[in-house]
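Next come the chains, spelled out residue by residue.
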Amino acid sequence: MFKRILIANRGEIALRIIRACHELGVEAVCVYSTADKEAPYLRQADRAICIGPGPAKESYLNISRIIAAAEIADVDAIHPGYGFLSERPDFSQACRDCKIEFIGPSPEAMGKLGDKVECKRTARAAGVPVFPGSDGAVEEEEEAIRIASEIGFPVIIKASAGGGGRGMRVCHNEATLRSSIKQAQQEASAAFGNGAVFIEKFLEHARHVEVQCLGDKHGNAIHLWERDCSMQRRHQKIIEEAPAPNIDRTKLQVICEGAARLIKSVNYHGAATCEFLMDGKQNFYMLEVNTRVQVEHPVTEMITGVDIVKMSIMIAAGMPIPYKQSDISVRGHAMECRINAEDPDKNFRPSAGQIKTFEAPGGPGVRMDTHVVPGYTVPANYDSMIAKLIVHADDREQCISRMTRALGELHIEPIKTLTPLHQRLMENAGFREGGIDIHYLERLLKSLT
Ligand code: ADP
């Protein structure tokens, strides 16, 4: 096992990784920007090193400063968490060049799955269903029209190097496709430094179902079943749960096994998530692979009992996954509400500032992953998520009752959070029935205004 790990991240996930390190008897070194210098989770680390000012480009996204901190602290490995540098092959490569273990996949595996065109090709080869569409990058207008007439409108143009919901355009007819393709290529080239775009079928009423996987350095790959993350606003997940309600378990098993096969085919090590969209007939199409731990990993931890963050560290240290696929069983139902510092009544405006009251819920089956304490000031520089409230119960109905009870115990003042929205959603008939689509929340919000 490693002696010391540097955590190249901040906030709740930094604290989550500190906890995993300490349970494994590993020292945790945090890096921080000046905007986070008072953050109390830094005191839980064995050492904390300032790497620059608030803007992420000058701190959490600055590879040379993070590597310098790793060398000063003499760490064996770096955990990137999610966001920031976690999906950058050049960061994984920089760690390798400096003989520091990157806790995650090799730059080669990351490159293969991170590029959307390459990822689709690899998925197809592994027998994982992908959206009908172009085989590779689309160069010419005529080629785009030919493919669209084969698969039928609507289609979506995507940037091969795109991410974070950017670089996508939906086209409902030939005229918009014609006028969009060149523009999409130019935009992709400006935004991602790679002008390659491709086309696939656009699904109008889709559910988002993703599969958690783990692969190790001994050729083993398993899945930890699925999560449903269909409650979204502007492609941002707000509620995640597992198992996915009202879907044929045999069909889920097929995509879960496919996902494990896919990561095995690229010799993947660490935690990965294969994201799928499902249509009204329960057909699945893979969207992309996230080559890192996800925000919503706790719901899988709650139903399987597997500690995904600890596993990612153990795998990087060269240990084999201590479970066979048949060891992974599912118990009960888990749900996560993201507590973002945003005002749901004011078009989700970010609500930064000092938190005076912070009362976290507790009791049976309740887990709160947060770095926030009373007196904490939410910096304006970063993502607005300040806490994740996760509950676990015997079944979905009891899970919703437990979440309702826990949300009622959560008091964060005076800043605004998504808590009242979550409370309304727990009572919403469509959500309670299970099986909403990814635009459900946006339609609901529109109908309320
Ligand atoms: P990113 O890497 O930018 O997150 P994804 O490929 O994961 O891009 O897509 C992000 C979101 O865009 C999906 O969650 C879904 O809401 C929508 N989307 C992407 N592809 C399709 C598609 N073919 N049909 C319908 N919606 C799609």
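Criteria and thresholds
Residues numbered from 1 in each chain as written. Predicted model: local features only at pLDDT ≥ 70, side-chain atom pairs only at ≥ 80, totals over all residues. Heavy atoms only, no water. Helix = DSSP H or I, 4+ residues; strand = E, 2+ residues; numbered from the N terminus. Buried < 20%, exposed > 50% of the residue type's maximum accessible area, 1.4 Å probe, protein only. Contact = heavy atoms within 4.5 Å. Areas by Shrake-Rupley, 256 points an atom, 1.4 Å probe, with all protein chains shown as cover. Lys, Arg positive; Asp, Glu negative; His and termini not counted. Charge placed at Lys NZ, Arg CZ, Asp CG, Glu CD. Pairing = 2+ DSSP bridges. Arc of directions from axis to C-beta. Near = heavy atom within 4 Å. Polar contact = N/O pair within 3.5 Å; in protein donor to acceptor, adjacent residues only side chain to side chain. Domains from an automatic or database assignment. Buried area = accessible area lost by both parts, 1.4 Å probe. Nonpolar A, V, L, I, M, F, W, Y, C, P; charged D, E, K, R; others polar.

Caption draft 1: Geometry of the overall build of the chain. Secondary structure assignment for the chain yields 14 helices and 22 strands. For the chain, the C-alpha atoms occupy an extent of roughly 60 × 50 × 45 Å along the three principal directions. Counting all 449 residues of the chain, 57% fall into the buried class. The contacts in the chain between residues at least 6 apart in sequence include a share of 67% that link residues at least 24 apart. When the accessible surface of the chain is split by element, carbon and sulfur atoms take 49% of a total near 18,300 Å². Separation of charge centres in the chain, based on 54 positive and 59 negative side chains, amounts to 1 Å.

Caption draft 2: How the structure looks around the side chain of T273. Along the polypeptide, T273 turns up in strand 12 (residues 270-278). If we ignore the near neighbours within four places in the chain, the residues touching T273 are E210, V211, Q212, R227, E288, V289, N290 and Q294.

Caption draft 3: Quick peek at the pairing of strand 11 (residues 236-242). Counting buried positions over the seven residues of strand 11 gives six, a clear majority of the element. Hairpin connection from strand 10 (residues 221-233) to strand 11: two residues lie between these consecutive antiparallel strands, with R234 at a positive phi of about 50 degrees. Where strand 11 and strand 14 (residues 333-340) come together, four bridges link them in antiparallel fashion. Considered in strand 14, the bridge of E241 is made with M335.

Caption draft 4: Seen up close, helix 2 (residues 63-73). Within helix 2 the residues assigned to the buried category are I63, I66, I67, A69, A70 and A73. Projected down its long axis, helix 2 carries its buried residues within an arc of 155 degrees, all on one side. Facing away from the buried side of helix 2 by over 90 degrees, the exposed positions are S64 and I72. Among the residues trailing helix 2, D74 stands out with phi positive, at a value near 55 degrees.

Caption draft 5: Representation of the site of the ligand. Lining the immediate environment of the ligand, one finds 19 residues, of which K116, K158, G165, K201 and E288 sit closest. Backbone polar atom of K201 to a nitrogen atom of the ligand: 2.8 Å apart, as the coordinates give it. Listed by contribution, the elements that provide at least two residues to the shell around the ligand are strand 6 (155-159), strand 8 (197-201), strand 12 and strand 13 (284-290). The two domains that each donate at least three residues to the shell around the ligand are domain 2 (130-201) and domain 3 (207-447).

Caption draft 6: Examining the domain arrangement of the chain more closely. The domain architecture assigned to the chain consists of domain 1 (4-103), domain 2 (130-201) and domain 3 (207-447). Using only C-alpha atoms to locate each centre, domain 2 and domain 3 end up separated by 29 Å. Counting from both sides, the interface comprises seven residues of domain 2 and, opposite them, five residues of domain 3. Taken over both partners, the interface formed by domain 2 and domain 3 buries close to 480 Å², and the fraction arising from carbon and sulfur atoms is 73%. Area buried by domain 2 at its contact with domain 3 is led by V130, F131 and K158, which between them contribute 70% of it. Connecting domain 2 to domain 3 are zero residue pairs in polar contact (both at pLDDT 80 or more). Considering only residue class, the side of domain 2 that touches domain 3 consists of four nonpolar, one polar and two charged.

Caption draft 7: Just the environment of F2, in detail. Within the secondary structure layout, F2 lies in the segment before strand 1 (4-7). Overall, F2 belongs to the buried group, its relative accessible area being 12%. Separated by 245 residues in sequence, F2 and I247 have C-alpha atoms that sit 41 Å apart. If we skip the residues at most four places from it in the chain, F2 touches V26, D76, A77, E101, I103, I313, A316 and A317.

Caption draft 8: Geometry of helix 3 (residues 89-97). Those residues of helix 3 not exposed but buried are F91, S92, A94 and C95. All buried residues of helix 3 project into a common sector of 160 degrees when viewed along the axis, lining one side. On the buried face of helix 3, the contacting elements are helix 2, strand 4 (77-79), strand 5 (101-102) and helix 4 (107-114). The positive-phi residue at the C-terminal boundary of helix 3 is K99, with phi of around 60 degrees.

Caption draft 9: Representation of unusual backbone geometry in the model. Each neighbour pair has its own omega, and for F153 with P154 the value is -5 degrees, a cis peptide bond. Relative to the helices and strands, P154 is located in the loop between helix 6 (141-151) and strand 6. Of the consecutive residues A242 and P243, the connecting peptide bond is found in the cis state with omega at -5 degrees. Along the chain, P243 falls in the loop between strand 11 and helix 8 (249-265). If you check the backbone angles, N246 has positive phi at about 55 degrees while not being a glycine. In this fold, N246 is placed in the loop between strand 11 and helix 8. Judged by its relative accessible area of 52%, N246 is exposed. Although it is not a glycine, N347 sits at a positive phi angle of roughly 55 degrees.

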